[in-house]
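As a plain string of letters, each chain reads:
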Amino acid sequence: MPQAELPGLYYDAEKNRYFPIKSRIPGSSSQSHASQFQKNPLSSSIQATKLCPQTRVPTSRLLHLRELNGNAFNFDRGRHSFQEEFRKLQASKPVVWRYPGTVNISDSALEQTQIDVQTLEGQIETDVLLAGSIDGSLSFLKVGKFVQHFDHGVTYIPDHVWPSTKVEAESNETPKYMWRPPSASLRMSSRISCIRLSENQSFLTNNDDSKVHHALITTLGSETSGGYVYILDLLEPVDFTSRLDQRLHAVASFNYTVWTADYNSHTNQAVIGTNLGAALVDVERGASTWVCRSKSDVLAQQFDQTGNLVLCGLRNGAIVTVDVRENQESISARFTRHRIPYFSSGRSNQKQWFELKGHIYPSQTIYMPSSISSLVSLQSYDHYFLASSMDGSMNLYDHRLTKRGAVQSYGGHVNSHTRMQLGVDQSERFVISGGEDCYLRLWSIKSGKLLFEDKFSDSVPTTICWRRAQRSMGREAERQRYEEQQLFGQNHNSGAWLGSQEGLFHMHWS
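Residues numbered from 1 in each chain as written. Predicted model: local features only at pLDDT ≥ 70, side-chain atom pairs only at ≥ 80, totals over all residues. Heavy atoms only, no water.

Draft legend 1. Structural context of the overall build of the protein chain. Per the secondary structure count, the protein chain includes four helices and 37 strands. When each of the 510 residues of the protein chain is scored for burial, the buried share is 56%. Intrachain contacts of the protein chain at a sequence separation of at least 6 include 59% that bridge at least 24 residues. Here the protein chain has roughly 23,100 Å² of accessible surface; of this, 48% comes from carbon and sulfur atoms. (Helix = DSSP H or I, 4+ residues; strand = E, 2+ residues; numbered from the N terminus. Buried < 20%, exposed > 50% of the residue type's maximum accessible area, 1.4 Å probe, protein only. Contact = heavy atoms within 4.5 Å. Areas by Shrake-Rupley, 256 points an atom, 1.4 Å probe, with all protein chains shown as cover.)

Right under this line is the structure:
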């Protein structure tokens, strides 16, 4: 039964009561910087720059204001924090490196983590990349300054590509070499559609048990076979002289297309998005259960922080909330059928509703103008998540206030039909995405302002993952180091890995 809206409160259907509305993300802008792009989402890069005014304070002016006013000052008709403005300034001047020879190995899925590696000198912790491609290849890439066993495997040395000259670069840090062992590549049955790590919490939490136990890997499926769900064991130390397929285990196979997935490490369950809806998979037993049936493909998924709810982004532009708790199955042996009304704008000549079956909350359905491309939940702020669609729209939503629309919008994103990931940094200050114009763009999550956009590749950056906190330091130590980071010192975690058909890129700033 629909509940009346009360000022300052929101209604929780599950708990059947009202709760006070917390303020939006501290410092977020009440005005949308994307409103001028909505009429023409495929705006040119030059127009995007003009319509998103650059309000960054020049370095000299920023230092002057800090000397006069301390860490908080007034500038450009607003109150600003010196540290926040300086971080924006750093993020607006990244340095980008390309790894030649990595063509078509990371254009479908990409993740970075730290694992234990067995070497001749003993067991060490090292950075690795898991990369998946459209042609079905799965690669294990070791990242380090000193690459062992040069007589085996392939070594990739980074080339500087942005800024155009090293003189303009704000950071002199050179990224590490990359090495692909001869036994660390596999050819899967079809396209790698998704890679998710078992540990997906923000480093701002107090949980120090951040060791990645395994990775969830899904394949799309082909004309002759459906998609697969695999688990890659990362808990035991890796010996790069052994074959990768010895660690890879098929969990489940399906007779339909598997577009996306997400992993809940607390319950050892995965949720997969298919052309028939969403299914919950027990990765230990291999059993699968449908939680939502839909005629519209599920292209993007994201667990909420509790693990009880899953956001599913559909091809028809809807974002639905699905309850995946096991006790929901005992309520009814059959799915509940829902008729969900379409968003009225622009759909006068189409159906006014679509049908879903499952344990969903129709009142929390969100509509975007086109197919959903990516979903990312924020860990630092409950109920907030980012979403992008294939018309160039990109928004921040509050899951409690879906009827009020987007909390923040981000202008300048260019997309018409491509599935591209959104990447959020560990501090959840910035979000980046590639565009169909081959530009990379970076926004402030709070203000919605475009801080960086430029082109350094001739292909679309479709996959993104931010460098994770060093596991050996522990979560709390990493959080303290981040907060106490000297503003003019090197911040080695402020960087991201980017994948495209042209190859792998690494972006970072001081």
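Having put the structure on the table, let's press on.
Draft legend 2. Structural view of the pattern of salt bridges. Within this structure, the stated rule accounts for 15 salt bridges. Measuring nitrogen to oxygen at the nearest pair gives 2.3 Å for the salt bridge that ties Asp-245 to Arg-243. The class for Asp-245 is partly exposed, based on a relative accessible area of 27%. Arg-243 gets classed as exposed once you look at its relative accessible area, which sits at 51%. Salt bridges sharing common partners tie together Glu-84, Arg-87 and Arg-429. (Salt bridge = Lys/Arg side-chain N within 4 Å of Asp/Glu carboxyl O.)

Draft legend 3. Local environment of the sheet that holds strand E28 (residues 384-389). In spatial order, the strands read E27-E28-E29-E30; together these four strands make up an open sheet with antiparallel pairing. Single-partner strands in this sheet number two, and they are strand E27 (372-377) and strand E30 (408-409). Pairing of strand E29 (residues 394-398) with E30 involves two bridges; the strand directions are antiparallel. Its bridge partner being in E30, Asn-395 is matched across the sheet by Ser-409. (Pairing = 2+ DSSP bridges.)

Draft legend 4. View of the sheet that holds strand E14 (residues 214-219). If you trace the four strands from one edge of the open sheet to the other, you get E13-E14-E15-E16, paired in antiparallel fashion. Edge positions in the open sheet fall to strand E13 (192-197) and strand E16 (248-253), since each of these has one partner strand only. If you compare each strand with its neighbour and ignore which way they point, the axes differ by 20 degrees on average. Across five bridges, E13 lies against E14 in antiparallel orientation. (Axes fitted to C-alpha atoms, helices over the stretch in contact; angles between N-to-C directions.)

Draft legend 5. Focus on the pairing of strand E19 (residues 277-282). Counting buried residues in E19 gives six out of six residues, a clear majority hidden from the surface. What sits between the antiparallel neighbours strand E18 (residues 269-274) and E19 is a turn of two residues. Bridge count between E19 and strand E20 (residues 288-294): five bridges; the pairing is antiparallel. When the sheet's bridge partners are listed, Ala-279 is paired in E20 with Trp-290. Here E19 folds back onto E20 in antiparallel fashion, the turn holding five residues, of which Gly-286 has a positive phi close to 80 degrees.

Draft legend 6. The environment of Lys-176, seen in detail. In this fold, Lys-176 is placed in the loop between strand E10 (159-162) and strand E11 (177-180). Each C-alpha atom, one on Lys-176 and one on His-506, is 9.6 Å from the other, the two residues being 330 residues apart in sequence.

Draft legend 7. Layout of empty space enclosed by the protein. Inspection of the entire model under this criterion finds three cavities of 30 Å³ or more. Here the second largest cavity is characterised by a volume of approximately 60 Å³. Lining the second largest cavity are Phe-140, Ser-183, Ala-184, Val-238, Asp-239, Phe-240, Ser-242, Arg-243, Leu-244 and Arg-247. Its residues placed into classes, the lining of the second largest cavity shows five nonpolar, two polar and three charged. (1 Å grid on protein atoms, 1.4 Å probe; cavity = no way out; pocket = protein on both sides within 12 Å on 5 of 7 lines; lining within 4 Å. Points joined across faces, edges and corners; volume = space filled by probe spheres on them. Nonpolar A, V, L, I, M, F, W, Y, C, P; charged D, E, K, R; others polar.)

Draft legend 8. A look at the environment of Val-324. As for its position among the elements, Val-324 is in the loop between strand E23 (318-323) and strand E24 (337-341). Residue class for Val-324 comes out buried when judged on its relative accessible area of 5%.

Draft legend 9. Broad picture of the environment of Gly-358. Checked against the element boundaries, Gly-358 lands in strand E25 (residues 353-358). Remark: the alpha-carbon pair of Gly-358 and His-338, spanning 20 residues in sequence, is separated by 7.9 Å.

Draft legend 10. Seen up close, the pairing of strand E22 (residues 309-314). Among the six residues in E22, six count as buried, and that is most of the element. As defined by bridge partners, strand E21 (residues 298-303) adjoins E22 across five bridges and the pair is classed as antiparallel. When the bridges of E22 are listed, Phe-303 appears paired with Val-310. Turn length for the E21-E22 hairpin, with the two strands adjacent in sequence and antiparallel, is five residues, and the turn residue Gly-307 shows positive phi of about 80 degrees. As judged from the five bridges shared by E22 and E23, these two strands associate in the antiparallel manner. What sits directly across from Leu-309, in E23, is Asp-323. Between the end of E22 and the start of E23, which pair antiparallel, lie three residues, with Gly-317 showing a positive phi angle near 95 degrees.

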